[in-house]
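Remarks on the overall topology
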Amino acid sequence: MKRFAAILFFCAFLLSGIKDLYSNEDSHFFNSARIAADTSLFLPDNNKYSGSLTNFIEINLYKRNFFSLLFSMNEKTIYGGKGIPKNKPYTIQYQPIDFIHAHFDTGAGYLAFIIDHECFNYPGKLVLAEDRYRWYGTALKWTSYGMNVSEGKYPDSNSISFNPKLHYSLYAGRRLATIEYPYKFIFKTDVRLEIANIYGFFPYVRAFGYFTIDDSLRISRIFETGFIHPSGNIYLMPYVRYSHSEDTDYYKCPPAKYFSAGLNVETLFSLNGTNESGNKITSHNNKSILFPAMHFSVGYGREFRSSHYGNTAEGNIAIDIFSISNFTAYCENNLIHRSPVQITMMYPWRLEYSVRGGLFTGGASSSAVLSAEYAFTQNLYGNDDKTIPEKYHSVFISAGSPGMYPRTEYDYYAYSEKDDDYPMNFLWKLEAAKYFKREHFAYDYLARASLEVDFHNSEKSTIYILPSFGIAGKTNRKISYSAEFGLKYISGILCNPYIKFADDVQSFEGNAEKEKFIFAGFHILR
């Protein structure tokens, strides 16, 4: 009981602090996020890789007048490889993660001071510490208005007009520390020329250069052509691309050269429905049928008293493929990094990849929503060749209150009416999963019930308690319990710090396990 009281006191203290800071109308926390997903297939003349999947998430942590403090992550997974299955990750690259991105709107463009990190990781492949690429650097970056597609102006049109627009960015970075790839400097340039407006389609050509300098100069480059097409609140960019990439496998390896065809999608969420340049952002509740919306969720935290895991980082990007009334078909990809318990910082030791697709009906104003989903999941070890990876398929069904689902949670809390006379609110969720085609996975079904109790509602925040009860089974049933306490703060996006007490079921290297642990972390989503 004392622990419970301490948690509530902490949440109330955090809430009051945020409200005081937010009382300044020129200051905003978590007011916007920009996300993008890129999937590409490498053409058959390439005999090394099969394709790639890239996720980009940029979060505006704090904004005051012309200054913003951003955090961003660009994660690229390359699939296939010589002698390995085409659907198995070959390498996962972070190019880059911006830990600190101080961003200034100069009136002519954006100037940024950055401290960033780049790294390569190899799932299911033993890579010694001295052979892993790690870059920590500091940089200056200039970005012209409109370089970020979701911040540009793309008007509807029933005609053809030629109005070429040039957008570009320049990056100059110097190392703070490196491992194995001893670059002293990294320079990047990205140039995109939009040629015309053809009935709402905007063809473009693009050139990207990545220059690394140590004892020599090497240049990776991309040449690309495609078109931009607004749809709902997202921007579709199908393209064909030629890539010449240096140092993809290891330092000073032969370059990888390949053609690819792909699709990039991007969207921007904002507090007031406009971007930094004042351009109107398409409404989240638009009525477009094809590709109407995107969603994202990121999280980070630490497990305490765990026998296996230390820090955990996760990211999810979902794309609505079509939406008719309240019926939506979607696809999404999810990646979870877990570090070993002995390491107190993030290290990609155990990687969980999941690709999902499903149907969803309901919305923020619904009394209940329904979801059915199919997923393929594989667990691999980063930079290690352990031969006990987990792999399984699953079918998942659930029903519950809209505020229990990431894709509707922001809308539910942002737009639902709060009753000051009766401040408590109750949300529920029932879910069940069936696992099949399992390899080294311990369970064949899962059932779970959750009940969330919200209280201390205010205009922008809610404190909640979330107990859950679950059953997982195979030859023997195992029962799990958890209780989560946290705060949901709503701005342009939803920020959710929380602490979770769990006696949970796990599948670790094919073994069914129960483990008691405490998890402290946060989610950010929209």
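For clarity, every value in this text was computed on a predicted model and none was experimentally measured.

**Description of the overall build of the protein**
Tallying secondary structure elements over the protein gives two helices and 26 strands in all. Partitioning the contacts of the protein with sequence separation of at least 6, the portion at a separation of at least 24 is 61%. Surface summary for the protein: the accessible area is close to 24,000 Å², and the carbon and sulfur share equals 61%.

**Some remarks on the sheet that holds strand β13 (residues 234-245)**
In space, the twelve strands of this closed barrel follow the order β1-β2-β3-β4-β5-β6-β8-β9-β11-β12-β13-β14, with antiparallel pairing throughout. The sheet shows a mean angle of 20° between the axes of neighbouring strands, taken without regard to direction. One ladder, built from ten bridges, connects strand β8 (residues 165-179) with strand β9 (residues 185-194); its direction is antiparallel. By the bridge assignment, alanine 172 is partnered in β9 with phenylalanine 187.

**Describing the confidence of the model for the protein**
Summarising the model, the protein shows a mean pLDDT of 87, and 89% of its residues fall at 70 or more. Within the protein, no element has a lower average pLDDT than helix α1 (residues 2-22), which sits at 49, and none a higher one than β9, at 98. Below a pLDDT of 50 lies the segment residues 1-10, which in the model reaches ten contacts outside its immediate sequence neighbourhood of four places, other chains included. Confidence drops under a pLDDT of 50 for residues 277-285, and excluding neighbours within four residues, the segment shows 25 contacts in the predicted structure.

**Observations regarding the environment of glycine 400**
Mapped onto the fold, glycine 400 is located in strand β20 (residues 390-400). Since its relative accessible area comes to 0%, glycine 400 is described here as buried. Sequence separation of glycine 400 and leucine 370 is 30 residues, and the distance between their C-alpha atoms is 6.8 Å. With sequence-adjacent residues up to four places away left out, glycine 400 is seen in contact with Ala368, Val369, Tyr405, Trp428 and Lys429.

**Focus on the sheet that holds β20**
Strand order in the closed barrel formed by twelve strands is β15-β16-β17-β18-β19-β20-β21-β22-β23-β24-β25-β26, with antiparallel pairing between adjacent strands. Averaged over all adjacent pairs, the angle separating strand axes in this sheet is 20°, with direction ignored. Sheet topology note: the strand β21 (residues 425-439)/strand β22 (residues 445-455) ladder contains ten bridges and is antiparallel. Bridge assignment links glutamate 431 to a residue of β22, and that residue is arginine 448. Along the sheet, helix α2 (residues 406-415) contacts β15 (294-304), β16 (309-324), β17 (327-340), β18 (350-361), β21, β22, β23 (461-473), β24 (477-490), β25 (494-508) and β26 (511-525); its crossing angle with β24, the most-contacted strand, is approximately 40°.

**So, the pattern of salt bridges**
Across all of its chains, the model carries 20 salt bridges by this definition. Residues glutamate 58 and arginine 34 are paired through a salt bridge, measuring 3.4 Å at the closest nitrogen-oxygen approach. Taken together, the residues glutamate 58 in strand β2 (residues 51-64) and arginine 34 in strand β1 (residues 27-42) connect sequence positions 24 residues apart. According to the relative accessible area criterion, arginine 34 is buried, its value standing at 8%. Residue glutamate 431 is joined to lysine 429 by a salt bridge in which the shortest nitrogen-to-oxygen separation is 4.0 Å.

**Description of α2**
With respect to burial, α2 is a largely interior element, seven of its ten residues being buried. Taken together, the buried positions of α2 are occupied by Arg407, Thr408, Glu409, Tyr410, Asp411, Tyr412 and Tyr413.

**Topic: the packing of aromatic side chains**
Scanning the entire structure with this criterion turns up 36 aromatic pairs. Ring centres of tyrosine 392 and tyrosine 435 lie 5.3 Å apart, and the angle between their planes is 85°; this geometry places the pair in the edge-to-face category. Linking tyrosine 392 in strand β20 with tyrosine 435 in strand β21, this pair joins segments that are 43 residues apart in sequence. There is no split in this pair, since tyrosine 392 and tyrosine 435 are both buried. Between tyrosine 498 and phenylalanine 519, the ring centres sit 6.0 Å apart and the planes meet at 25°, which makes this aromatic pair stacked. Placement of the pair is tyrosine 498 in strand β25 and phenylalanine 519 in strand β26, with a sequence separation of 21 residues. Overall, tyrosine 498 belongs to the buried group, its relative accessible area being 10%.

**Some remarks on the nonpolar core**
Ranked by size, the top nonpolar core spans 30 residues in total, and within it Phe30, Ile57, Ile59, Met294, Phe296, Ile493 and Ile524 carry the most contacts. The greatest single-element share of this core, amounting to five residues, is contributed by β1. With residues near it in sequence (within four places) discarded, isoleucine 493 still touches Phe30, Ser32, Ala33, Ile59, Phe269, Phe296, Tyr410, Ile524, Leu525 and Arg526. Listed in part, the 18 residues of the second largest apolar core include Phe360, Val369, Ala502 and Leu525.

**Some details on the pairing of β18**
Both β17 and β18 contribute to a ladder of twelve bridges, which runs antiparallel. Of the residues in β18, the one forming a bridge with glutamate 332 is arginine 356.

**A short note on the side chain of serine 354**
Looking at the secondary structure, you find serine 354 in strand β18. A polar atom in the side chain of serine 354 sits 3.0 Å from the side chain of arginine 356. In terms of polar contacts, serine 354 uses its side chain to reach the side chain of threonine 377, at 3.2 Å. When sequence neighbours within four positions are dropped, the list of residues in contact with serine 354 reads Glu332, Asn333, Asn334, Ala375, Phe376 and Thr377.

**Some thoughts on the environment of glycine 51**
Among the structural elements, glycine 51 can be located in strand β2. The contacts of glycine 51, once residues within four sequence positions are left out, are Ser40, Leu41, Phe42, Thr77, Ile78 and Tyr79.

What counts as what
Residues numbered from 1 in each chain as written. Predicted model: local features only at pLDDT ≥ 70, side-chain atom pairs only at ≥ 80, totals over all residues. Heavy atoms only, no water. Helix = DSSP H or I, 4+ residues; strand = E, 2+ residues; numbered from the N terminus. Contact = heavy atoms within 4.5 Å. Areas by Shrake-Rupley, 256 points an atom, 1.4 Å probe, with all protein chains shown as cover. Pairing = 2+ DSSP bridges. Axes fitted to C-alpha atoms, helices over the stretch in contact; angles between N-to-C directions. pLDDT = per-residue confidence, 0-100. Buried < 20%, exposed > 50% of the residue type's maximum accessible area, 1.4 Å probe, protein only. Salt bridge = Lys/Arg side-chain N within 4 Å of Asp/Glu carboxyl O. Phe/Tyr/Trp six-rings, centres within 6.5 Å; stacked < 30°, edge-to-face > 60°. Core = buried A, V, L, I, M, F, W, Y, C linked by side-chain atoms within 4.5 Å. Polar contact = N/O pair within 3.5 Å; in protein donor to acceptor, adjacent residues only side chain to side chain.

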